[in-house]
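Residues per chain are reported as follows:
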Amino acid sequence: MLRITITITFLLCFLSVSAEANTTAKITKILMYEQGDIIYVYPEGGVQNPPSCHGSNGDYLSYKMSRPMAKEYFSMLMLAFAAQKTVAFRTEGQCLDQSVSETIRYFTVYR
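Residues numbered from 1 in each chain as written. Predicted model: local features only at pLDDT ≥ 70, side-chain atom pairs only at ≥ 80, totals over all residues. Heavy atoms only, no water.

(A) Here's a closer look at the side chain of Ser-101. Inspection of the secondary structure assignment puts Ser-101 in the loop between strand 4 (86-91) and strand 5 (102-109). Side-chain polar atoms of Ser-101 contact the side chain of Ser-62, separated by 2.5 Å. For Ser-101, the side chain forms a polar contact with the side chain of Gln-98, separated by 3.0 Å. (Helix = DSSP H or I, 4+ residues; strand = E, 2+ residues; numbered from the N terminus. Polar contact = N/O pair within 3.5 Å; in protein donor to acceptor, adjacent residues only side chain to side chain.)

(B) Up close: the state of the cysteines. Counted under the stated rule, the structure contains one disulfide. Through a disulfide, Cys-53 is tied to Cys-95; the S-S separation comes to 2.1 Å. One quick way to see it: the torsion about the S-S bond of Cys-53 and Cys-95 is about 85°, and its sign makes the bridge right-handed. Taken together, the residues Cys-53 in the loop between strand 2 (38-43) and strand 3 (61-64) and Cys-95 in the loop between strand 4 and strand 5 connect sequence positions 42 residues apart. Looking at Cys-53, the relative accessible area reads 27%, which means it is partly exposed. (Disulfide = S-S within 2.5 Å. Buried < 20%, exposed > 50% of the residue type's maximum accessible area, 1.4 Å probe, protein only.)

Limitation: the analysis is restricted to geometry and does not speak to function.
If you want it as structure tokens, here you go:
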């Protein structure tokens, strides 16, 4: 439990120094797709300024569960979703983890 608390504290401190975010919104839905090893995050109002690779099959951001800190991402996003907090997503500007959705690089959760 202490390790999780330290990890979340570290993430909050580290991620709060972000510059402008690509998409800032509350989260309306989180989808876990096991076969694709991907988490889809649906921001309220959709993705802002999506890259050309961003498809028309859904207005979401994504990241792979194989990333080193994927579980920490997931827990923080679930907390933000449950508490209806605003999240500023910084993205890669391209579709790396899934060919038709912009890839999350990091994010900041606001009060």
